[in-house]
Amino acid sequence: MNKIYYFLLLALASFSLSAQSIDKIEAVIGNEIILTSEIESQYLQYLSQGNIKSNKIRCQIVEDLLFQKLLINQAKLDSLVVSDEEVETEVSKRISYFESQLGSIQKVEGYFGKLKANIMIELSKVIRDQFIAQKMQTKLTSLLKVTPAEVQESYALLADVEIPTMPTQVEVAQIVIKPEITDGQKDKIREKLNNFRDRVYKGEDFKMLATLYSDDPGSAVKGGELGFVNRGDLVPEFERAAFRLKEGEISNVVQSQFGYHIVQLIERRGEQINVRHILIKTKVTATALHAAKLKIDSIAKEIKEKIITFDQAVSNYSDDENMTNGGLLLNPNTMSISHTLEDMAPALRLLVEELKENEVSSPAVIQMQDENKAYRILRLNKRTEQHKANLVDDFEKIKEYSINAKKQVTLEKWTNKTIARTYIKLSDDLTTCELAKKWSK
């Protein structure tokens, strides 16, 4: 199934009574209930992935729902709350995602067979329950830690088949040479954005200008609007400017890795903001790109002839933002310096796979985040081949496994203890599941 539509089905499957003409209560857990439709929608999701019918899976779905409802019931007893702002922000994000994938809100409504307002109401209930359950689970496990001795003990108790296989991992450094953007080009962009800013203050519509002129296609179709975001969701320069604004105010020109922006604050809700912006990207000329190629070819020649070391070249010439860190390439998924080959972009992986440790690549063209081209040279600092996890090379991974195992034990103990003091009633249909022995009293 198409991944996009599977994601949408996942959301639809979470909705409670939306597609049910007849519904009944299958379980009561304290003040919470599980409806037939909740079980059936998740079971249909399972079948939609091409799986065969399985009563065991249906029972597992029920147990997962019982655990979630137990967490929610206890969270409410402990007065844990999720703010309306948190829920509304997540609902907006999901609606925006659906809209971006299907093309319009009308198509989203058509897909789900209901109006946007009704979709948002149903999503709000699902998301609030998810967030409350997560908050309760975090309360129970967030302070858990493991000592080095416990990590060693956990590893020693693993059977050979349980020891995870670690994929091939590499550590890579790079020298990046970007084509020069002249001061004249930058001044023209700033002048253009300042002109837009003045036009808005004189009465023109920011949304219309963003739609016509912004180089950010994702937000331009929405009048430049990004939707509600939290601190940390935006690039630093953009975020600093945005959070300083008053509602309706427009920032001065802001430079980021994507280009140049002006930002208008639409609304603030505590530490969340909704903004719109106009982005103008810098455009690299063919002459500047050729000059960058000549420069990196010269650097590569000096490294090859040992006139300069790779590390010296990083320090002296690289335009990479990590040049002060030896040019180490960060993994965008983990923000660590360790990369698995499988997770690398195809072009990068192709280059890295051909290198031996400490070997330096030939210059290669890359596309930057602002969509301009640049050149880089890579050095493979370290390569760790696929292997069974061990305490020397993979201590942090085994530590993570140990903490997760400790969390599972803690949650299991809490579940058994909480079941004993919570009113729980299962329908006759659920008593055929093995779980009935644990959850029935």
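Rules and cut-offs
- Position numbers for residues count from 1 along each chain, tracking the sequence in the order it is written.
- Only residues with pLDDT of at least 70 are given local features in this predicted model, and only at 80 or more are side-chain atom pairs given and counted; all residues enter the totals for whole chains, interfaces and linings.
- With hydrogens and water set aside, each side-chain value is computed from the structure's full complement of heavy atoms.
- Where helices and strands are cited, they refer to DSSP runs of H or I of at least four residues and of E of at least two residues respectively, numbered from the N terminus.
- With a 1.4 Å probe rolled over the protein chains alone, any residue whose accessible area is under 20% of its type maximum counts as buried; one over 50% counts as exposed, and the rest are partly exposed.
- Note on definitions: a residue-residue contact is assigned when non-hydrogen atoms from the two residues lie within 4.5 Å.
- Accessible surface is estimated by sampling points in the Shrake-Rupley manner with a 1.4 Å probe; for residues, cover comes only from the protein chains shown.
- A residue's pLDDT is simply how confident the predictor is in it, with values from 0 to 100.
- Excluding any residue in a salt bridge, patches collect residues exceeding 30% relative accessible area, merging like charges within 9 Å and nonpolar Val, Leu, Ile, Met, Phe, Trp and Tyr side chains within 5 Å.
- The term salt bridge refers to a side-chain nitrogen of Lys or Arg lying within 4 Å of a carboxyl oxygen of Asp or Glu.
- In the cavity and pocket records, a cavity denotes points on a 1 Å grid over the protein atoms alone where a 1.4 Å probe fits but cannot get out, a pocket denotes an open set with protein on both sides within 12 Å along at least 5 of 7 lines, and lining residues are residues with an atom within 4 Å of a point.
- Grid points are joined across faces, edges and corners, and a volume is the space filled by probe spheres set on the points.
- Following the grouping adopted for this structure description, the nonpolar residues are Ala, Val, Leu, Ile, Met, Phe, Trp, Tyr, Cys and Pro, the charged ones are Asp, Glu, Lys and Arg, and the polar ones are all others, Gly among them.
- Between 30 and 60 degrees the pair is tilted, below 30 it is stacked and above 60 it is edge-to-face, where a pair is any two Phe, Tyr or Trp rings, Trp via its six-membered ring, whose centres lie within 6.5 Å.
- Cation placement over rings: the criterion is NZ of Lys or CZ of Arg within 6 Å of the ring centroid and within 35° of the ring normal.
- Residues enter a nonpolar core if they are buried and are Ala, Val, Leu, Ile, Met, Phe, Trp, Tyr or Cys, with the set joined through side-chain atoms within 4.5 Å.
- Two strands form a pair only when DSSP identifies at least two bridges running between them.
- The axes used here are C-alpha line fits, helices contributing only the stretch in contact, and every angle between their N-to-C directions lies in the interval 0 to 180 degrees.
- The rule for a disulfide is simple: a pair of cysteine sulfur atoms within 2.5 Å.
- Polar contacts, as counted here, are pairs of nitrogen or oxygen atoms within 3.5 Å of one another; within protein the pair requires one atom able to donate a hydrogen and one able to accept it, and residues that are adjacent in sequence qualify only if both atoms are side-chain atoms.

Quick word on the overall build of the protein chain
Now for step 1: Assigned secondary structure in the protein chain consists of 16 helices and 13 strands.
Now for step 2: Along the first, second and third principal axes, the C-alpha set of the protein chain runs to 75 × 65 × 40 Å.
Now for step 3: Residues counted as buried form 40% of the 441 residues belonging to the protein chain.
Now for step 4: Summarising the internal contacts of the protein chain: among those between residues at least 6 apart in sequence, 65% fall at separations of at least 24.
Now for step 5: Total accessible area on the protein chain is roughly 25000 Å²; 52% of this is exposed by carbon and sulfur atoms.

Some thoughts on the confidence of the model for the protein chain
Note: predicted coordinates in regions of low pLDDT should not be interpreted at a detailed level.
Now for step 1: The predicted model of the protein chain averages 88 in pLDDT, with 95% of residues at 70 or higher.
Now for step 2: In this model, residues 1-21 is a region of pLDDT below 50 whose contacts with residues beyond four sequence positions or in other chains number 37 contacts.

Considering unusual backbone geometry
Now for step 1: Here the phi dihedral of Ser79 falls at roughly 60°; this positive angle occurs in a residue that is not glycine.
Now for step 2: Within the secondary structure, Ser79 sits in the loop between α3 (55-77) and α4 (84-102).

Quick word on a nonpolar patch on the surface
Now for step 1: A contiguous nonpolar surface patch, about 310 Å² in accessible area, is contributed by Met208, Leu212 and Tyr213.
Now for step 2: Along the chain, Leu212 falls in helix α9 (residues 206-213).

Overview of the layout of surface pockets
Now for step 1: By volume, the largest pocket amounts to about 1600 Å³.
Now for step 2: Its residues assigned to classes, the lining of the largest pocket comprises 23 nonpolar, 14 polar and 12 charged.

Description of the packing of aromatic side chains
Now for step 1: With the rule as written, the count across this model stands at 2 aromatic pairs.
Now for step 2: Relative to Tyr46, the ring of Tyr43 has its centre 6.1 Å away and its plane inclined at 20°; by these criteria the two rings are stacked. With Tyr43 and Tyr46 both in helix α2 (residues 36-48) and 3 residues apart, the pair spans about one turn of that helix.
Now for step 3: Sitting over the ring of Phe243, Arg231 keeps its end group 3.9 Å from the ring centre.

Some points on the nonpolar core
Now for step 1: Formed by 41 residues in total, the largest nonpolar core has its most connected members in Leu66, Leu426, Leu435 and Trp439.
Now for step 2: Leaving out residues up to four positions away in the same chain, Leu66 has contacts with Ala27, Ile29, Ile34, Leu426, Leu435 and Trp439.
Now for step 3: Counting 15 residues, the second largest nonpolar core, distinct from the first, contains Ile299, Ala300, Phe310 and Ile377.

Notes on the pattern of salt bridges
Now for step 1: Per the stated rule, a full pass over the model turns up 24 salt bridges.
Now for step 2: Where Asp129 meets Lys125, a salt bridge forms, and the shortest distance between an N and an O atom there is 2.5 Å. With Asp129 and Lys125 both in helix α6 (residues 116-141), this residue pair falls 4 residues apart, about one helical turn.
Now for step 3: Overall, Asp129 belongs to the buried group, its relative accessible area being 9%.
Now for step 4: Judged by relative accessible area, Lys125 falls into the partly exposed class, the value being 45%.
Now for step 5: With a shortest N-O distance of 3.0 Å, Lys293 and Asp297 are connected by a salt bridge.

Description of the pairing of strand β4 (residues 169-177)
Now for step 1: Of all 9 residues in β4, 7 are buried, a share of seventy percent or more.
Now for step 2: Pairing of β4 with strand β9 (residues 339-340), which is carried by 2 bridges, proceeds in the antiparallel orientation. Residue pairing in the sheet places Gln169 in a bridge with Thr340 of β9.

With respect to the sheet that holds strand β8 (residues 272-280)
Now for step 1: Across the sheet, which stays open at both edges, the 4 strands sit in the order β5-β8-β7-β6 with antiparallel pairing between neighbours. With partners counted over all chains shown, the strands left at the sheet margins are β5 (225-230) and β6 (254-256), one partner each. With strand direction ignored, the average angle separating the axes of adjacent strands in the sheet is 45°.
Now for step 2: In this sheet, β8 lies alongside β5 in antiparallel orientation, the contact comprising 5 bridges. Residue pairing in the sheet places Glu225 in a bridge with Arg276 of β8.
Now for step 3: Across the face of the sheet, helix α8 (residues 183-201) comes into contact with β6, β7 (259-269) and β8 while running at roughly 30° to β7.
Now for step 4: Sheet strands touched by α9: β7 and β8. Its angle to β8, the strand with the most contacts, is close to 45°.

Observations regarding the state of the cysteines
Now for step 1: One pass over the full model with this rule turns up 1 disulfide.
Now for step 2: At a sulfur-sulfur separation of 1.9 Å, the disulfide partner of Cys59 is Cys433. In this structure, the disulfide formed by Cys59 and Cys433 twists by about -80° around the S-S bond and is classed as left-handed. Pair noted here: Cys59 is in helix α3 and Cys433 is in the loop between β13 (424-426) and α16 (436-439), with a separation of 374 residues, a long-range link. There is no split in this pair, since Cys59 and Cys433 are both buried.

A few points about the environment of Thr147
Now for step 1: Along the chain, Thr147 falls in the loop between α6 and α7 (148-157).
Now for step 2: Overall, Thr147 belongs to the partly exposed group, its relative accessible area being 39%.
Now for step 3: Counting along the chain gives 255 residues from Thr147 to Ser402, while the straight-line C-alpha distance between them is 9.6 Å.

As for the side chain of His277
Now for step 1: Note that His277 resides in strand β8.
Now for step 2: The exposure class assigned to His277 is buried, which follows from its relative accessible area of 4%.
Now for step 3: Of the polar contacts made by the side chain of His277, one reaches the side chain of His261; its length is 3.1 Å.
Now for step 4: Ignoring anything within four residues of it in the chain, the contact list for His277 reads Phe206, Ala210, Ser214, Asp216, Ser219, Gly224, Leu226, Phe238, His261, Ile262 and Val263.

Here's the deal with the sheet that holds strand β2 (residues 32-35)
Now for step 1: Strand order in the open sheet made by the 3 strands is β2-β1-β13, with antiparallel pairing throughout. Since the sheet does not close on itself, it has two edges, and those belong to β2 and β13, each with one partner. Adjacent strand axes in the sheet meet at a mean angle of 20°, parallel and antiparallel pairs treated alike.
Now for step 2: Relative to β2, strand β1 (residues 25-29) runs antiparallel, the two being bridged by 4 bridges. Looking at the pairing, Val28 lines up with Ile33 of β2.

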